[in-house]
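# Geometric and topological summary
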Amino acid sequence: MKKKIICLYTCDADAEFLEILKNLIDFNKLNSNPFLRLLIVSAGTEKSFHAGNFLYIGCEEKYENLAKKTFMMVKYLTDHFEFDEIIKIDSTIVTPKYSEYKIEDARGIIDSQTNGIYNGLRKLGSKRYMLKSWSRSKGLSVDLNVIPRGECVYFYSGKCYSISFDFCNFIANQANRRYIKRFKNEDLMIGSLYNQFCDEKI
């Protein structure tokens, strides 16, 4: 059986959604499984640390920091825990806005022993013009060069995805912080790093 860390991403503003998600995935039952470690992940502390079922990430909790928060989470878990894969689930997955995501499918990712290097619920793709449009809708300034000209970068939605230990180790040790700072959206960052990871394996 694979040892998995289930990361429930949340923040103070989404506390209500977190409780709904915990009930839907049967948090207490999963938490009793010796092969699973459940962590509620939030930011806003001066430094990263974990206590019980909580992991606090040492960066400001704001939307444009999601890529940084994810990078810091992966690095912390890689440095402090033994595991085969991380499964990240965003607490907002339970909101009507994301009704296309089904909790039973997220449970399928949790239960699967064949997720591979990188898996998720919904595969998306982004080209430069799409990233530009997204950044305008969010009022953010982004580096369009994170997507090579004329190419489309594919990634799994940040609402739910799994990443293997080897890929996590690559993220934690190969991705320099300057590169991470170029991203505002975490799922595009993970997809871009996956492409690099695969290129190095060839």
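Structure's up top.
Below you will find a few notes about this structure. (Residues numbered from 1 in each chain as written. Predicted model: local features only at pLDDT ≥ 70, side-chain atom pairs only at ≥ 80, totals over all residues. Heavy atoms only, no water.)

### Section: the packing of aromatic side chains
- According to the stated counting rule, one finds 12 aromatic pairs in the structure shown.
- Pairing Tyr118 with Tyr161 gives two aromatic rings, centres 6.3 Å apart and planes at 75 degrees, and the pair type is edge-to-face. With Tyr118 in strand 6 (residues 118-120) and Tyr161 in strand 9 (residues 160-164), this residue pair connects regions lying 43 residues apart in the sequence.
- The exposure class assigned to Tyr161 is buried, which follows from its relative accessible area of 1%.
- One aromatic cluster is present, built from ring pairs that chain together Tyr118, Tyr156, Tyr161, Phe167, Phe170, Tyr194 and Phe197.
- Positioned above the aromatic ring of Tyr9, the side-chain terminus of Lys69 is 4.3 Å from the ring centre.
- A cation over a ring is seen here: Lys159 above Tyr98, with NZ or CZ 4.0 Å from the ring centre. (Phe/Tyr/Trp six-rings, centres within 6.5 Å; stacked < 30°, edge-to-face > 60°. Helix = DSSP H or I, 4+ residues; strand = E, 2+ residues; numbered from the N terminus. Buried < 20%, exposed > 50% of the residue type's maximum accessible area, 1.4 Å probe, protein only. Lys NZ or Arg CZ within 6 Å of the ring centre and 35° of its normal.)

### Overview of the sheet that holds strand 2 (residues 36-43)
- Strand order in the open sheet formed by seven strands is 3-4-2-1-5-9-6, and the pairing between neighbours is mixed. What marks the edges here is a single partner per strand, and that holds for strand 3 (49-51) and strand 6. On average, adjacent strands in this sheet sit at an angle of 20 degrees to one another, irrespective of strand direction.
- Bridging between strand 3 and strand 4 (residues 54-57) involves three bridges; their strand directions are antiparallel. Note on strand 4: the bridge partner recorded for Phe49 is Tyr56.
- Across the sheet, helix 1 (residues 15-24) lies against strand 1 (4-9), strand 2 and strand 5 (85-90), angled at about 145 degrees from strand 1, the strand it touches most. (Pairing = 2+ DSSP bridges. Axes fitted to C-alpha atoms, helices over the stretch in contact; angles between N-to-C directions. Contact = heavy atoms within 4.5 Å.)

### A few points about the packing of helix 3 (residues 66-80) against helix 8 (residues 186-201)
- Viewed as axis vectors pointing N to C, helix 3 and helix 8 meet at an angle of 55 degrees, and their least axial separation amounts to 8 Å. It follows from the interaxial angle that helix 3 and helix 8 lie oblique. Contacts between helix 3 and helix 8 involve Leu66, Ala67, Thr70 and Phe71 from the first element and Glu186, Met189 and Ile190 from the second.
- Grouping the amino acids of the contact of helix 3 with helix 8 by side-chain chemistry returns five nonpolar, one polar and one charged. (Parallel < 35°, antiparallel > 145°, perpendicular 65-115°, else oblique. Nonpolar A, V, L, I, M, F, W, Y, C, P; charged D, E, K, R; others polar.)

### What to know about the pattern of salt bridges
- On inspection of all chains with the given rule, the structure shows 13 salt bridges.
- A salt bridge links Asp111 to Arg107; the nearest nitrogen and oxygen atoms lie 3.6 Å apart. On the criterion of helical spacing, the pair formed by Asp111 and Arg107 is a turn pair, its members being four residues apart in helix 4 (residues 103-111).
- Connected via shared salt-bridge partners are Lys88, Asp90, Lys159 and Glu186. (Salt bridge = Lys/Arg side-chain N within 4 Å of Asp/Glu carboxyl O.)

### Re the side chain of Lys4
- Assignment of secondary structure puts Lys4 in strand 1.
- At a separation of 2.3 Å, a polar atom in the side chain of Lys4 contacts the main-chain carbonyl oxygen of Ser112.
- For Lys4, the contacting residues outside a window of four places in its chain are Phe35, Leu36, Arg37, Glu85, Ile87, Ile109, Ile110, Asp111, Ser112, Gln113 and Asn115. (Polar contact = N/O pair within 3.5 Å; in protein donor to acceptor, adjacent residues only side chain to side chain.)

### Quick word on the nonpolar core
- Ranked by size, the top nonpolar core spans 43 residues in total, and within it Met73, Leu77, Ile86, Ile163 and Phe167 carry the most contacts.
- Counting residues per element, this core draws most heavily on helix 3, at eight residues.
- Setting aside chain neighbours within four positions, we find Ile163 in contact with Val74, Glu85, Ile86, Ile117, Tyr118, Cys168, Ile171 and Ile190.
- Counting 20 residues, the second largest nonpolar core, distinct from the first, contains Ile6, Leu8, Ile93 and Ile110. (Core = buried A, V, L, I, M, F, W, Y, C linked by side-chain atoms within 4.5 Å.)

Fair warning: the whole summary comes from geometry, so function is off the table for now.
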